[in-house]
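Working through the structure, step by step
For reference, the chains in residue letters:
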Amino acid sequence: MILSDFSFVKYDDGILSVSMIPQVPIGAWDIRFQVTKHFGGQSGTLIQRTVASGFSASSGITIVNSGAGIFNVTLREADTSGLSFGNYAVKISRFNSGLRTVLDEGFLTLTP
């Protein structure tokens, strides 16, 4: 797991590109991107996800290259409009048969 921190401008649309290292096939994965006020928070302030059999582009995560483990997380203006400026905990996880594997954690700084 890698700790990743990034900034994002509130009221802007943007894409966060994620690459698995080492490269791992992710084609059948249920991936979730969760933003909470602090680590350990149970309910997400913002959750984006994809399911292998679902419509990933409409849910906020799009698999770009399943064989190389590359996917994009789309954050839209509406996703951040209700959040205050500041720092948020971010967790990217893989869910599989009721089990969760944390792939990445870090902080999102929401700026004006």
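Further up the page is the structure itself.
Since the model is a prediction, treat every value here as computed from it, not as a measurement.

Some remarks on the packing of aromatic side chains
Overall, the coordinates contain one aromatic pair when judged by the stated rule. The ring centre of Phe85 lies 4.9 Å from the NZ or CZ of Lys10, which sits over that ring. Across the ring face of Phe95, the terminal group of Arg32 is positioned such that the distance to the ring centre comes to 3.9 Å.

Things to note about the pattern of salt bridges
Overall, the coordinates contain three salt bridges when judged by the stated rule. Where Arg32 meets Asp30, a salt bridge forms, and the shortest distance between an N and an O atom there is 3.3 Å. Residue classification places Arg32 among the partly exposed positions, given a relative accessible area of 24%. Between Glu105 and Lys91 there is a salt bridge, and its shortest N-O distance comes to 3.7 Å. Of the two residues, Glu105 sits in strand β9 (residues 99–111) while Lys91 sits in strand β8 (residues 86–96), which places them 14 residues apart along the sequence. When salt bridges that share partners are traced, they join Asp30, Arg32 and Arg49 into one network.

Considering the nonpolar core
Ile31, Phe33, Val35, Phe71, Val73, Ile92 and Leu108 are the most contacted members of the largest nonpolar core, which has 21 residues in total. Beyond its immediate sequence surroundings of up to four residues, Leu108 is in contact with Phe6, Ser7, Phe8, Val35, Gly86, Asn87, Tyr88 and Val90.

A few points about the side chain of Ser93
Examined against the element boundaries, Ser93 turns out to sit in strand β8. For Ser93, a relative accessible area of 3% puts it in the buried group. Dropping the residues within four chain positions of it, Ser93 is found in contact with Asp30, Ile31, Arg32, Arg100, Thr101, Val102 and Leu103.

A closer look at the pairing of β8
Pairing analysis gives seven bridges linking strand β4 (residues 30–36) to β8, with the strands arranged antiparallel. When the sheet's bridge partners are listed, Thr36 is paired in β8 with Ala89. Sheet topology note: the β8/β9 ladder contains eleven bridges and is antiparallel. When the bridges of β9 are listed, Val90 appears paired with Gly106.

Considerations on the environment of Lys10
Looking at where Lys10 falls in the secondary structure, it is placed in the loop between β2 (6–9) and β3 (14–19). Residue Lys10 is classed as buried on the basis of its relative accessible area of 10%. Distance from Lys10 to Gly82, taken between C-alpha atoms, is 9.3 Å for residues 72 residues apart in sequence. Not counting the four nearest positions on each side in its chain, Lys10 is found in contact with Thr80, Ser81, Leu83, Ser84, Phe85, Leu110 and Thr111.

A short note on the sheet that holds strand β6 (residues 61–65)
Pairing is antiparallel in the open sheet, where three strands are placed in the order β3-β7-β6. For this open sheet the edge positions go to β3 and β6, each flanked by a neighbour on one side alone. Along the sheet, successive strands turn relative to each other by an average axial angle of 25 degrees, direction set aside.

About the cut-offs
- Residues numbered from 1 in each chain as written.
- Predicted model: local features only at pLDDT ≥ 70, side-chain atom pairs only at ≥ 80, totals over all residues.
- Heavy atoms only, no water.
- Phe/Tyr/Trp six-rings, centres within 6.5 Å; stacked < 30°, edge-to-face > 60°.
- Lys NZ or Arg CZ within 6 Å of the ring centre and 35° of its normal.
- Salt bridge = Lys/Arg side-chain N within 4 Å of Asp/Glu carboxyl O.
- Buried < 20%, exposed > 50% of the residue type's maximum accessible area, 1.4 Å probe, protein only.
- Helix = DSSP H or I, 4+ residues; strand = E, 2+ residues; numbered from the N terminus.
- Core = buried A, V, L, I, M, F, W, Y, C linked by side-chain atoms within 4.5 Å.
- Contact = heavy atoms within 4.5 Å.
- Pairing = 2+ DSSP bridges.
- Axes fitted to C-alpha atoms, helices over the stretch in contact; angles between N-to-C directions.

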